[in-house]
Amino acid sequence: MNVARALRTLAALVIGTLTAVVELACLLVAAPVALLCLPHAAARRAGERALRAVAVRLAQVEIRRLGLLGGFDLDTGTGRLTGYLAARWPIGLLGGLVLFLLWLGVSEGVRLVWGWAHGENYDGIPPTPGVLAYIGVSAVVLLFLDIMGIQGVAVLELRIARRFLGPSPTELLERRIDELARTRAGVVSAVDQERRRIERDLHDGVQQRLVALAVLIGRARRGRTPQLRDDLLQQAHEEAQEALRELREVAWRVYPAELDTLGLRESLSAVAERAGVPVTVAYGLSARPPTEAETAVYFVVREAVTNAAKHAAAGQVRVEILEDGDTIVVRVRDDGRGGADPGGGGLSGLARRVAALDGRFRVDSPPGGPTTVSAELPRA
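Engineer: Report on helix 8 (residues 264-274), specifying residues and quantitative values.
Structural biologist: Listed in full, the buried residues belonging to helix 8 are Leu 264, Ser 267, Leu 268, Ala 270, Val 271 and Ala 272. Following helix 8 by one or two positions, Gly 276 adopts a phi angle in the positive range, close to 90°.

Engineer: Describe the pairing of strand 1 (residues 279-283), with residues and values.
Structural biologist: Bridge count between strand 1 and strand 2 (residues 317-324): five bridges; the pairing is parallel. Across the sheet, Val 279 pairs through a bridge with Val 317, a residue of strand 2. With helix 9 (residues 291-310) bridging strand 1 and its parallel neighbour strand 2, the resulting β-α-β unit is left-handed.

Engineer: Which residues make up the side chain of Thr 19, and what values do they have?
Structural biologist: Relative to the elements of secondary structure, Thr 19 occurs in helix 1 (residues 2-37). For Thr 19, a relative accessible area of 10% puts it in the buried group. In this structure Thr 19 touches Val 61, Glu 62, Arg 65 and Arg 88, once residues within four positions along its chain are discounted.

Engineer: An account of the packing of helix 3 (residues 81-117) against helix 4 (residues 129-165) is requested, with residue identities and associated values reported.
Structural biologist: Between helix 3 and helix 4, whose axes approach to 10 Å, the crossing angle comes to 165°. When the interaxial angle is binned, helix 3 and helix 4 end up roughly antiparallel. Where helix 3 crosses over helix 4, the handedness of that crossing is left-handed. By residue class, the composition of the contact of helix 3 with helix 4 is 22 nonpolar, four polar and three charged.

Engineer: Can you tell me about the sheet that holds strand 1, naming the residues and giving the values?
Structural biologist: Pairing is mixed across the open sheet formed by five strands, whose spatial order is 1-2-3-5-4. Both outer strands of the open sheet, strand 1 and strand 4 (360-364), are each paired with one neighbouring strand and no more. Direction aside, the axes of adjacent strands within the sheet are offset by 10° on average. With eight bridges connecting them, strand 2 and strand 3 (residues 327-334) associate as antiparallel partners. Bridge pairing links Val 317 to Asp 334 in strand 3. Across the sheet, helix 8 lies against strand 1 and strand 2, angled at about 170° from strand 1, the strand it touches most. Contacting strand 1, strand 2, strand 3, strand 4 and strand 5 (371-378), helix 9 crosses the sheet at an angle of about 10° to strand 3.

Engineer: Just give me the short version of the nonpolar core, but keep the residues and values in it.
Structural biologist: Residues Val 301, Val 305, Val 317, Ile 321 and Val 330 are the most contacted members of the largest nonpolar core, which totals 34 residues. Setting aside residues up to four positions removed in sequence, Val 301 forms contacts with Leu 268, Val 319, Ile 321, Val 330 and Val 332. Counting 22 residues, the second-largest nonpolar core is a separate cluster that includes Ala 12, Ile 91, Leu 99 and Ile 160.

Engineer: Go over unusual backbone geometry, please, and point to the residues and values.
Structural biologist: Not every positive phi belongs to a glycine, and Asp 358 is a case in point at roughly 65°. Here Asp 358 shows up in the loop between helix 10 (345-355) and strand 4.

Engineer: Tell me about helix 9, and please be specific about residues and values.
Structural biologist: One turn of an α-helix holds 3.6 residues; hence residues three or four places apart share an orientation. Between its terminal C-alpha atoms helix 9 stretches 28 Å, which fits the 28 Å expected from 20 residues at 1.5 Å a residue. Most of helix 9 sits out of view: 15 of its 20 residues are buried.

Engineer: Please provide a residue-by-residue account of the environment of Gly 368, values included.
Structural biologist: Along the chain, the position of Gly 368 falls in the loop between strand 4 and strand 5. Of the residues examined, Gly 368 reaches a relative accessible area of 59% and is grouped as exposed. Taking C-alpha positions, Gly 368 is 8.9 Å from Asp 335, a pair spaced 33 residues apart along the chain. Not counting the four nearest positions on each side in its chain, Gly 368 is found in contact with Gly 336, Arg 337 and Gly 338.

Engineer: I'd like a description of the packing of helix 8 against helix 9, backed by residues and values.
Structural biologist: Packed helices, taken two at a time, are described by their axes: the angle between them and the distance between them. Axis separation between helix 8 and helix 9 bottoms out at 10 Å; the angle between their running directions is 15°. It follows that helix 8 is roughly parallel to helix 9 by the angle criterion. Helix-helix and strand crossings are classified by hand; for helix 8 and helix 9 the assignment is right-handed. Residues Leu 264, Ser 267, Leu 268 and Val 271 of helix 8 form the contact with helix 9, whose own contacting residues are Glu 294, Val 297, Tyr 298, Val 301, Arg 302 and Val 305. When grouped by side-chain class, the residues that make up the contact of helix 8 with helix 9 number seven nonpolar, one polar and two charged.

The rules behind the values
Residues numbered from 1 in each chain as written. Predicted model: local features only at pLDDT ≥ 70, side-chain atom pairs only at ≥ 80, totals over all residues. Heavy atoms only, no water. Buried < 20%, exposed > 50% of the residue type's maximum accessible area, 1.4 Å probe, protein only. Helix = DSSP H or I, 4+ residues; strand = E, 2+ residues; numbered from the N terminus. Pairing = 2+ DSSP bridges. Right-handed = clockwise from strand over helix to strand, strands pointing away. Contact = heavy atoms within 4.5 Å. Axes fitted to C-alpha atoms, helices over the stretch in contact; angles between N-to-C directions. Parallel < 35°, antiparallel > 145°, perpendicular 65-115°, else oblique. Left-handed = near helix turned anticlockwise from the far one by under 90°. Nonpolar A, V, L, I, M, F, W, Y, C, P; charged D, E, K, R; others polar. Core = buried A, V, L, I, M, F, W, Y, C linked by side-chain atoms within 4.5 Å. Expected span 1.5 Å × (residues − 1).

Just geometry here; none of it tells us what the structure is for.
In structure tokens, the structure reads:
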């Protein structure tokens, strides 16, 4: 992947050198033409339209070229195209100069080695150990400087493009406000959905158990024989145990108490034990994450493992909790039949929970499997 990225960067700089020459030529032609057209309104408007059309075309080429460097959200309709082209061409020529120095160094090195290999001493210099060491060290240093120069030019290219073609601070602020509004609405919806599910679990599960328990106790009180009372009390005792178990399950689904007391690693181990399918947990966090991120990681893993066991007919589930800088990466992969719906109640709720923490959530579940549920959460 690094080699491919290096090749893309080199290609972007080579193309950028050519476009910088074209942009400089256009600017050199446009400046005197604009001065000549200045006294005439009609000619000035025609010149502005022509200049704008050329600038848009060149900027579109630059945007496609910047895609080789990673790309980002650019806009060719900001009215800042001429300024971008005027500020960008020196960077393009600088990139061409760096590439020329790289080519010159590589060609001279190949020429030197070729001559020594065929018994010829370049400039009368024999390949003594001292000469080889001197040239080798110099070549490494110059190659390092060239690589740093290429990376620096690529960074300058992206910065100048963001400055002139990227969204303005006001636009970024408006986008952030819209994102926060959507996230807040999603959190409210997720909380309401979770509340309804808890109410349903209590009504359909625990409440029915308690009703059955009350009926059994009432029958035991009216029992005519000791044997009947003992049997009814035994049934009532079993029903009470089931009610307690279901109540613990509901409380566990609301929030696991062991997450606070034991931490994320032990809580995920408990999820794996309750899953009903073999679950492998690879935990790679060096430190305990913040409470909000820890809770989100837990619920992502629990929901994904539960879906794999209940709906995907999975035979094996692998959970990975990794660190990538300041980001916590969660991946849950199962070998089930796939076809998971990201818009379903559980997964959509997870997406909203992750988005509320400025994270990213993704479900990859083609028909036939496998299914991969992944989330990226900022540590802070």
